[in-house]
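Structural characterization, general
Listed here are the chains, written in short residue letters.
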Amino acid sequence: MVLRKTLTDAEITEQRELIAGVFKMTLHAPEIARTAKPGNFLQVKAAKANTLLRRPLGIADAEGDNISLIYRKIGKGTAELAELQQGDIVSILGALGNSFDESFKNPLLVGGGMGLSPLLFYAQAHKNAAVLMGGRTSSEIFWEDIFKPFAKEIFIATEDGSKGEKGFNVALLPKLLKSGKYDGVIACGPDPMMKKAVDIAREYSVPVEVSLERRMGCGLGACLSCAIDTANGRKKVCKDGPVFKGEEVFF
Ligand SMILES: Cc1cc2nc3c(=O)[nH]c(=O)nc-3n(C[C@H](O)[C@H](O)[C@H](O)COP(=O)(O)OP(=O)(O)OC[C@H]3O[C@@H](n4cnc5c(N)ncnc54)[C@H](O)[C@@H]3O)c2cc1C
């Protein structure tokens, strides 16, 4: 499906700090909300930004005329976004990129950190997805409450053992896939987590998709700054991705 890309100013209808340094921004963007698919992302900057480049952020949900983004304040661009309030305007380009495979009957979503954001949109749209989430500590599992209304099952691991199993989320994956309940894995998070998810899913012959995060300039395939080598040749993460088949990617 060819997505229609819109460059538009959008009003912030809500901006909330979920935990220290992580924000949920909801935008009035009817055209994008109607056409966006799970896996798509936006290029975003404050309308009166000091930064030249927009920053890529995955769409976390689309409801009615609104879309939401869940983002961590990292550097200059996201700090400018975090200062905005309800009623302020952002400049957005989207929806961009390809989308996840929604044909799985019983998908298992594997997410770490902010990688859970685009997976939320998937869980919301699919309604039969289970989620395996991971974070360093229990405060990073604020996602559990957000996913609850949409996810069929939620499995949790934290590195310090303060919530769920102790360790990395992917350590739970072999047992879950061995059950034979899941017909697809969709992973988004740090590269080492996704690499492990791909290796394990392939071991159990379950199809796996990953959503890659690379620095990008334009988001439209023109600047080539997000180009990567894959098993199927050179690809642009912004245009050919961000979603790739697990076996395509050289981690
Ligand atoms: C498809 C996609 C989806 C994402 N979704 C989310 C999400 O849902 N939530 C979330 O928290 N994070 C997400 N990220 C990560 C997010 O984009 C970064 O955290 C953000 O861009 C950091 O920007 P910053 O200005 O705050 O930080 P900085 O590290 O200061 O900014 C990055 C710096 O790199 C520069 N830069 C950016 N692109 C290039 C380039 N191509 N070449 C050279 N320099 C460049 C910028 O100008 C900037 O100075 C996503 C990334 C991608 C690619």
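In this text the structure is predicted, and so the values were computed from the model without any measurement.

Here we come to helix H3 (residues 116-126). Within H3, 9 of the 11 residues are buried, which leaves the element mostly enclosed by the surrounding structure. After H3 finishes, the residue Lys127 shows a positive phi value of roughly 75 degrees.

All right, on to the sheet that holds strand S4 (residues 55-58) then. Spatial ordering of the open sheet is given by S4-S3-S7-S1-S2-S6-S5, a layout of 7 strands whose pairing is antiparallel. Because the sheet does not close on itself, it has two edges, and the strands there are S4 and strand S5 (61-63). Between one strand axis and the next, the sheet turns through 35 degrees on average, direction left out of account. With 4 bridges joining them, strand S3 (residues 41-46) and S4 adopt antiparallel strand pairing. Considered in S4, the bridge of Leu42 is made with Leu57. Contacts from H3 reach S4, S5 and strand S6 (66-72) within the one sheet, and its direction differs from that of S5 by about 40 degrees.

Quite often, the size of an interface is put as the accessible area lost when its parts meet. We note that the domain assignment places domain 1 (6-96) and domain 2 (107-211) within the chain. Across the contact, 12 residues belong to domain 1 and 11 residues belong to domain 2. Of all elements in the fold, only strand S1 (6-19), S5 and S6 reach the threshold of two or more residues within the side of domain 1 that touches domain 2. Ranked by the residues each element gives to the side of domain 1 that touches domain 2, the list is headed by S6, at 3 residues. Looking at the side of domain 1 that touches domain 2 residue by residue, the classes come out as 8 nonpolar, 2 polar and 2 charged.

Turning our attention to helix H6 (residues 191-203). With 13 residues, H6 ought to run about 18 Å at 1.5 Å a step, and its terminal C-alpha atoms sit 18 Å apart, in line with that. If you check which residues of H6 are buried, you get Met193, Met194, Ala197, Val198, Ile200 and Ala201. In this fold, the buried residues of H6 make contact with strand S8 (107-112), helix H5 (173-178), strand S12 (184-188) and strand S13 (208-211). Directly beyond the C-terminal end of H6, a positive phi value near 55 degrees is found at Ser205.

With respect to spatial proximity, 23 residues lie near the ligand, and among them Gly58, Gly75, Gly77, Thr78 and Ser225 are the closest. Elements supplying a minimum of two residues to the shell around the ligand: S4, S6 and helix H2 (76-82). The biggest single contributor to the shell around the ligand is S4, with 4 residues. Partitioned by chemical class, the residues of the shell around the ligand number 10 nonpolar, 7 polar and 6 charged.

On to the environment of Ala62. On the secondary structure map, Ala62 appears in strand S5. The class for Ala62 is buried, based on 22 C-beta atoms found within 10 Å. For Ala62 and Lys73, which are 11 residues apart along the polypeptide, the C-alpha to C-alpha distance reads 22 Å. For Ala62, the contacting residues outside a window of four places in its chain are Ala33, Ala36, Ile67 and Phe121.

A separate point is the nonpolar core. Leu42, Ile59, Leu109, Val185, Ala187 and Ala197 are the most contacted members of the largest nonpolar core, which has 72 residues in total. Taken domain by domain, the makeup of this core includes at least three residues from each of domain 1 (6-96) and domain 2 (107-211). Once residues lying within four places of it in the same chain are set aside, the contact partners of Ile59 are Ala36, Asn40, Phe41, Leu42, Ile67, Leu69, Ala95, Pro118 and Phe121.

Attention shifts here to the pairing of S1. Examined bridge by bridge, S1 and strand S7 (residues 89-96) share 6 bridges and lie antiparallel to one another. In the strand pairing of S7, Glu11 is matched with Ile89. Across 7 bridges, S1 lies against strand S2 (residues 22-28) in antiparallel orientation. Each bridged residue has a counterpart across the sheet, and for Ile12 the counterpart in S2 is Leu27. Hairpin connection, S1 to S2: the antiparallel pair is bridged by 2 residues, and Gly21 has positive phi, about 85 degrees.

Summarising the element assignment, Ala222 is placed in the loop between S13 and strand S14 (227-230). Residue classification places Ala222 among the exposed residues on the basis of 11 C-beta atoms within 10 Å. Ala222 sits 17 residues away from Lys239 along the chain, and the two C-alpha atoms are 9.2 Å apart.

Each value, and the rule that gives it
Residues numbered from 1 in each chain as written. Predicted model: local features only at pLDDT ≥ 70, side-chain atom pairs only at ≥ 80, totals over all residues. Buried ≥ 20, exposed ≤ 12 C-beta atoms within 10 Å, placed from the backbone. Helix = DSSP H or I, 4+ residues; strand = E, 2+ residues; numbered from the N terminus. Pairing = 2+ DSSP bridges. Axes fitted to C-alpha atoms, helices over the stretch in contact; angles between N-to-C directions. Contact = placed C-beta atoms within 7 Å. Domains from an automatic or database assignment. Nonpolar A, V, L, I, M, F, W, Y, C, P; charged D, E, K, R; others polar. Expected span 1.5 Å × (residues − 1). Near = placed C-beta within 6 Å. Core = buried A, V, L, I, M, F, W, Y, C linked by C-beta atoms within 7 Å.

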